[in-house]
Amino acid sequence: MTITGPNPDTPNGSTSETTVCWLCSQPSQRLQHHALDTDHYPVRDCTQAPGEGVLLCPMCHTAVHNWMRSHSAPGAARAGLDAVFTRFTTAVIA
């Protein structure tokens with residue numbers, strides 16, 4: 001897992017260089033920090049949160065937060081990432 005922190009140089013925590021999304025591996029210049037230490041339900045709060053996290057494209061980041069809102073519980077940030085990863089890999093393998 002690639003661990004990142006939010007990018008303080010951009011207002012939404014996104015990257016300014018092309019790199020790949022941790023979930024879908026698509027190259028993007030708009031990757032966003034997904035915080036794993038604390039459950040931040042609004043995406044904007046999540047991208048600005050300090051601490052452990054991964055870089056996700058906006059589509060994957062939204063999918064994780066949709067899952068988090070549907071399954072609200074402590075640890076939702078990590079569980080949501082795991083759930084979307086499992087769904088994604090299941091779809092790719094099928």
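Counting of residues starts from 1 at the beginning of each chain's written sequence and follows it residue by residue. In keeping with the predicted nature of the model, local features appear solely for residues at pLDDT of at least 70, side-chain atom pairs appear and are counted solely at 80 or more, and the whole-chain, interface and lining totals rest on all residues. Hydrogens and water are ignored here; the side-chain numbers use all heavy atoms of the structure.

K.L.:
Teacher, can you tell me more about the confidence of the model for the chain here?
P.N.:
Of the residues in the chain, 81% have a pLDDT of 70 or more, and the chain-wide mean is 85. The low-confidence segment residues 8–12, where pLDDT is below 50, has six contacts with residues more than four positions distant or belonging to other chains. The predictor's confidence in any single residue is recorded as pLDDT, a number from 0 to 100. It only takes one pair of heavy atoms within 4.5 Å for two residues to be counted as in contact.

K.L.:
Could you clarify how one ought to interpret the packing of helix α2 (residues 58–70) against helix α3 (residues 76–93) in this entry?
P.N.:
Packed helix pairs are characterised by how far apart their axes lie and by the angle those axes make with each other. At their nearest, the axes of α2 and α3 sit 8 Å apart, and the two run at 120 degrees to each other. Between α2 and α3, the angle is such that the two are oblique. Taken as a pair, α2 and α3 cross one another with a handedness that is right-handed. Residues A63, V64, W67 and M68 of α2 form the contact with α3, whose participating residues are A76, A77, A79, G80, L81, A83, V84 and R87. A fitted line through C-alpha atoms serves as each axis, taken over the contacting stretch for helices, and the angle formed by two N-to-C directions is quoted from 0 to 180°. Think of it this way: any DSSP run of H or I at least four residues long counts as a helix, any run of E at least two long counts as a strand, and we number them from the N terminus. Just so you know how the angles are binned, under 35 degrees is roughly parallel, over 145 roughly antiparallel, 65 to 115 roughly perpendicular, and the rest oblique. Take the far helix as your reference; a near helix turned counterclockwise from it by less than a right angle gives a left-handed crossing, and one turned clockwise gives a right-handed crossing.

K.L.:
Any chance you could explain the packing of aromatic side chains here in plain terms?
P.N.:
We describe a pair of aromatic rings using the distance from one ring centre to the other and the angle between the two ring planes. Between rings of Phe, Tyr and Trp, where Trp is taken as its six-membered ring, a pair exists when centres lie within 6.5 Å; planes separated by under 30 degrees are stacked, by over 60 edge-to-face, and by other angles tilted. All chains considered together, the criterion is met by one aromatic pair. Considering the side-chain rings of W22 and F85, the 5.6 Å spacing of their centres and the 40 degrees angle between planes classify their relative orientation as tilted. You can see W22 sitting in the loop between β1 (19–20) and β2 (27–28) and its partner F85 sitting in helix α3, a full 63 residues away along the chain. Three exposure classes are used, based on accessible area relative to the maximum for each residue type with a 1.4 Å probe and protein chains only: buried under 20%, partly exposed in between, and exposed over 50%. Using a relative accessible area of 35% as the deciding quantity, one classes F85 as partly exposed.

K.L.:
Before we go on, may I ask you to explain the nonpolar core in this structure?
P.N.:
To qualify as a nonpolar core, a set must consist of buried Ala, Val, Leu, Ile, Met, Phe, Trp, Tyr and Cys residues joined through side-chain atoms within 4.5 Å. Within the largest apolar cluster, 18 residues are counted, with the highest numbers of intra-cluster contacts made by C21, L23, L56, C60, V64 and L81. Going through the elements one at a time, β4 (53–56), α2 and α3 are the ones with two or more residues in this core. Looking at this core, the element that brings in the most residues is α3, giving five residues. Beyond its immediate chain neighbours, meaning those up to four positions away, C60 contacts C21, L23 and C24.

K.L.:
Help me out: how do you make sense of the state of the cysteines in this one?
P.N.:
Two cysteines joined by a covalent bond between their sulfur atoms form a disulfide. For this text, the term disulfide refers to a pair of cysteine sulfurs within 2.5 Å. Under the defined criterion, the tally for this structure stands at zero disulfides. You can see C60 has no disulfide; the closest cysteine sulfur is in C57, sitting 3.7 Å from it.

K.L.:
Sorry if this is basic, but what is going on with α2 here?
P.N.:
Residues three or four positions apart in an α-helix share a direction because the helix packs 3.6 residues into each turn. A helix's residues, less one, multiplied by 1.5 Å, set its expected span. With 13 residues, α2 extends 18 Å from end C-alpha to end C-alpha; this agrees with the ideal 18 Å at 1.5 Å per step. Residues P58, C60, H61, V64, H65, W67 and M68 constitute the buried set of α2. Packing partners of the buried residues in α2 comprise β3 (32–35), α1 (43–48), β4 and α3.

K.L.:
Before we go on, may I ask you to explain the side chain of Q32 in this structure?
P.N.:
The topology assignment puts Q32 in strand β3. For Q32, a relative accessible area of 10% gives the class buried. Think of a polar contact as two N or O atoms within 3.5 Å of one another; within protein, one of them needs to be a possible hydrogen donor and the other a possible acceptor, and neighboring residues in sequence only count if both atoms come from side chains. A polar contact is formed between the side chain of Q32 and the side chain of H61, at a distance of 2.8 Å.

K.L.:
What's the story with the environment of T86 in this structure? I'm lost.
P.N.:
Along the chain, T86 turns up in helix α3. Relative accessible area serves as the criterion here: at 45%, T86 is assigned to the partly exposed category. Along the primary structure T86 and L23 are separated by 63 residues, whereas in three dimensions their C-alpha atoms are 9.8 Å apart.

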